[in-house]
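Chain residues, written in single-letter form:
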2 protein chains.
Amino acid sequence: MNVFVIGLGLIGGSLSLDIQEHFVDAKIYGIDVSENHLQEALEIGIIHEKATFSDLEKADVVIVSIPVDVQLQVIPEVLDIINDDCLLIDVGSTKEMICTVVANHPKRRNFLAAHPIAGTEFSGPKAAIKGLFKNKTNIICEVEKTAFKLQEKALEIFSTLGMRIRYMDSKSHDKHIAYVSHLSHISAFMLGKTVIEKEKNERDIFDMAGSGFASTVRLAKSSPAMWTPIFEQNKTNVIETLNEYIINLQQFKELMENDNFPEIYNEMKNTNYIKQILNGIK
Amino acid sequence: MNVFVIGLGLIGGSLSLDIQEHFVDAKIYGIDVSENHLQEALEIGIIHEKATFSDLEKADVVIVSIPVDVQLQVIPEVLDIINDDCLLIDVGSTKEMICTVVANHPKRRNFLAAHPIAGTEFSGPKAAIKGLFKNKTNIICEVEKTAFKLQEKALEIFSTLGMRIRYMDSKSHDKHIAYVSHLSHISAFMLGKTVIEKEKNERDIFDMAGSGFASTVRLAKSSPAMWTPIFEQNKTNVIETLNEYIINLQQFKELMENDNFPEIYNEMKNTNYIKQILNGIK
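Here the structure is a predicted model, which means the values were calculated and not measured.

Conventions we followed
Residues numbered from 1 in each chain as written. Chains lettered and ligands numbered in written order. Predicted model: local features only at pLDDT ≥ 70, side-chain atom pairs only at ≥ 80, totals over all residues. Heavy atoms only, no water. Pairing = 2+ DSSP bridges. Helix = DSSP H or I, 4+ residues; strand = E, 2+ residues; numbered from the N terminus. Contact = heavy atoms within 4.5 Å. Axes fitted to C-alpha atoms, helices over the stretch in contact; angles between N-to-C directions. Phe/Tyr/Trp six-rings, centres within 6.5 Å; stacked < 30°, edge-to-face > 60°. Buried < 20%, exposed > 50% of the residue type's maximum accessible area, 1.4 Å probe, protein only. Domains from an automatic or database assignment. Buried area = accessible area lost by both parts, 1.4 Å probe. Polar contact = N/O pair within 3.5 Å; in protein donor to acceptor, adjacent residues only side chain to side chain. Lys, Arg positive; Asp, Glu negative; His and termini not counted. Salt bridge = Lys/Arg side-chain N within 4 Å of Asp/Glu carboxyl O. Nonpolar A, V, L, I, M, F, W, Y, C, P; charged D, E, K, R; others polar. Expected span 1.5 Å × (residues − 1). Bend = angle between axes of the 7 residues up to and from the residue. Least-squares fit on C-alpha atoms with pLDDT ≥ 70 in both. Right-handed = clockwise from strand over helix to strand, strands pointing away.

Student: In this structure, what is going on with the sheet that holds strand 6 (residues 111-116) of chain B? I would like to understand it.
Tutor: Backbone-to-backbone hydrogen bonds pair the strands of a sheet. The strands run either parallel or antiparallel. Residue and element names in this part refer to chain B. If you walk across this open sheet you meet the eight strands as 3-2-1-4-5-6-7-8, and the pairing is mixed. A single partner strand is all that each edge strand has here, and the edge strands are strand 3 (49-50) and strand 8 (164-168). Set on the sheet, helix 6 (residues 170-198) makes contact with strand 6, strand 7 (137-141) and strand 8; between it and strand 8 the angle comes to about 110°.

Student: I tried to follow the packing of aromatic side chains on my own but got confused; where do I start?
Tutor: For any pair of aromatic rings, geometry is given as the distance between the ring centres together with the angle between the planes. For the coordinates displayed, the defined rule picks out seven aromatic pairs over all chains. For the ring pair Y245 of chain A and Y245 of chain B, a centre distance of 6.2 Å and an interplane angle of 90° mean the geometry is edge-to-face. Of this pair, Y245 of chain A sits in helix 10 (residues 235-257) while Y245 of chain B sits in helix 10 (residues 235-257), each in a different chain. Residue class for Y245 of chain A comes out buried when judged on its relative accessible area of 0%. Each ring, one from F4 of chain B and one from Y29 of chain B, has its centre 4.6 Å from the other, and the planes form 10°; the classification is stacked. With F4 of chain B in strand 1 (residues 2-6) and Y29 of chain B in strand 2 (residues 27-31), this residue pair connects regions lying 25 residues apart in the sequence. The two residues F4 of chain B and Y29 of chain B agree in class, both being buried.

Student: Just checking my understanding: could you explain the domain arrangement of chain A for this structure?
Tutor: Residue and element names in this part refer to chain A. In terms of domain boundaries, chain A breaks down into domain 1 (2-168) and domain 2 (174-278). One C-alpha centre belongs to domain 1, the other to domain 2, and the line joining them spans 31 Å. Facing 16 residues of domain 1, the contacting portion of domain 2 comprises 14 residues. In terms of surface lost to domain 2, no three residues of domain 1 exceed S93, T94 and E121, which account for 45% of the buried area on that side. Applying the counting rule to domain 1 against domain 2 returns six residue pairs in polar contact (both at pLDDT 80 or more). When residues of the side of domain 1 that touches domain 2 are traced back to their parent elements, those giving at least two are helix 3 (68-81) and helix 4 (96-102).

Student: Looking at this structure, how should I read the side chain of D32 of chain B?
Tutor: Residues and elements named next belong to chain B. Of note, D32 is situated in the loop between strand 2 and helix 2 (35-43). Buried charge without a salt bridge: D32, with K50 as the nearest opposite-charge side chain at an N-O distance of 11 Å. A distance of 2.8 Å separates the side chain of D32 from the backbone nitrogen of L8, its partner in a polar contact. For D32, the residues in contact, after removing those within four places along its chain, are G7, L8, H37 and L38.

Student: What exactly am I supposed to notice about the interface of chain B and chain A here?
Tutor: The accessible area lost on association of the parts is a frequent measure of interface size. Contact with chain B, which involves 91 residues of that partner, is made by 90 residues of chain A. Carbon and sulfur atoms make up 68% of the surface buried where chain B meets chain A, a total of about 9100 Å² over both sides. Applying the counting rule to chain B against chain A returns eight salt bridges. Residue K198 of chain B pairs with E244 of chain A through a salt bridge whose shortest N-O separation is 3.5 Å. The interface formed by chain B and chain A contains 26 residue pairs in polar contact (both at pLDDT 80 or more). Tallying contributions element by element places helix 6 of chain B first for the side of chain B that touches chain A, with 21 residues. Grouping the constituent residues of the side of chain B that touches chain A by class yields 44 nonpolar, 23 polar and 24 charged.

Student: Got a minute to help me understand the pairing of strand 7 (residues 137-141) of chain A in this structure?
Tutor: For a regular strand, the rule is simple: side chains alternate between the two faces of the sheet. Residues and elements named next belong to chain A. Burial of strand 7 is extensive: five of the five residues sit out of reach of the surface. Here strand 7 shows a buried face lined by T137, I139 and C141 and a second buried face lined by N138 and I140. Summarising the sheet, strand 6 (residues 111-116) and strand 7 pair through four bridges and their orientation is antiparallel. Residue pairing across strands places A114 opposite I140, the latter belonging to strand 7. Where strand 7 lies against strand 8 (residues 164-168), five bridges are found, and the strand directions are parallel. Note that in strand 8 the partner of T137 across the bridge is R164.

Student: Where do I start with helix 6 of chain B in this structure?
Tutor: Every α-helix winds through 3.6 residues per turn, so residues three or four apart in the chain are directed the same way. All names here are of chain B. Compared with an ideal rise of 1.5 Å per residue, which puts 29 residues at 42 Å, helix 6 spans 40 Å between its outermost C-alpha atoms and is within 8% of the ideal. At A178, helix 6 shows its largest kink, close to 55°. The buried fraction of helix 6 amounts to 23 of the 29 residues, a majority that puts the element mostly inside the structure.

Student: Even after reading the chapter, I still don't get the relation of the copies chain B and chain A, so can you show me in this structure?
Tutor: Mapping between the two chain copies consists of a rotation about an axis together with a translation along that axis. Least-squares fitting of chain B to chain A yields an RMSD of 0.0 Å, with the transformation described by 0.0 Å of translation along the axis and a rotation of 180°. With respect to symmetry, the two chain copies, as superposed, fit the operation of a two-fold axis. The rotation axis passes nearest to the C-alpha of T216 of chain B in chain B, at a distance of 2.1 Å. In this assembly the copies share their binding face: 99% of the residues contributing to the interface of chain B also contribute to that of chain A.

Student: Please explain the pairing of strand 5 (residues 87-90) of chain A as it appears in this structure.
Tutor: All names here are of chain A. Burial along strand 5 is two-sided: L87 and I89 and L88 and D90, pointing in opposite directions, are all buried. Direction of pairing for strand 4 (residues 61-64) relative to strand 5: parallel, over a ladder of four bridges. Note on strand 5: the bridge partner recorded for V62 is L88. At this point the chain moves from strand 4, through helix 3, to the parallel strand 5, and the crossover so formed is right-handed. Of the strand pairs in this sheet, strand 5 and strand 6 are connected by three bridges, and their pairing is parallel. Each residue of the ladder has a partner; that of I89, found in strand 6, is L112. Where the polypeptide runs from strand 5 across helix 4 and back to strand 6, its parallel neighbour, the crossover connection is right-handed.

This is how it looks when you write it as structure tokens:
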């Protein structure tokens, strides 16, 4: 099985490592705009061989794991090249736009839109982790538009890597993910910004910040190159979540200004319900 | 050494466990408003013996680890009872108000205001953790107002438990901690609220939320009984941080509305600087 991974960052790299481990006949070819990342991926064993777009003809599976703006251009090009039995999996964090872009492509049936909900705040080949996808959810969108045999091939890979599969239309995916992922990133980035702006003396932050702050602000370490196009593609949903978040923060502030601490207590008590929701998340 | 711990939650309980381990001559007496917690603390070995306020006369060290509103009442009462050589350590998350309350107490020199920056989102005796304070920062306020011999006693305990000590006036403590701790909690609580409100179908949140969301919202599991009085005591500083946070979020939203994604990229890139700040935080 010839597997081509385009984009050898955290997600692409981790998929390569797991596929190598579980599919002994898989030969992994790597493609990346960064020659440094490509060389690094080869050296640390993420890929078996470097490749270029012209090699894609011999691909059985192509995984595209690059920023979502670049995906819009690259995926149709890759579809043009691959053979009729090849499966192209996109693993980007937004799904509606890419599904629209490929909707009328002659090889639409070769394409599968997926979003494995996994990752860390780090990026690049060295951020790749073995077993990253075990017990993680993988959202598949518009599965009915992918050829049945290729659906089967994709599911074999996903289930072998330990993923739980959920099916969703691309519009719902983007709407829900705005709340549980995109808003979290903005919340963390702006928390980081607020603290950095205020605390000119870094030493004070460093000394007083505990594990709670570190956890809440962790996502502010994430890659701007990856996240800017995600926010751009999911603009409408993200703005809606931001509006609601800001309104909730303003209400909380007003409760404080009015010394309505019994209601502040209730707000927090009600939100403690998040415990039950989080229980299943590692 | 007779050590009395008033309030056998996460912090009081963890201090008890560590003091027992490192000071073999320490006998730990527990006091708690909750008879259940008291009994639980005895059964799981957090304390050696239950006690009441009238026993405080024989204390060598008293640690008060209770919600900061109750502390304002309890600490002067405890000071009234303890003997002249006894050290009373307060470990609450706000420092200005308690320092004001005890300022003119005849036994002010027996009191030491501290804030060990350590903890988790859990509470109660069962949340106590051995070694919680190792390599954690402990902020001590107005150290010069504590008797020199009692400062020495406190530092011996803190350094034996592995804490790094920083000195600060109580006003600065409350101002800085509003940014790196109190704001993080509100940010997490309101994120949790926003997501819960929107996603009536819990199953969807559960399936799509990854480790990033879990990390960002983690503090929303925290105890409202502990946090409401903290926000109340630190109202002015917390409202200031909230204002700045809301302004930053609004600016981010406006950048999105104006399709100014190059600037969104810059905002995130600049905030990535948080990496350096967080490097030292476990």
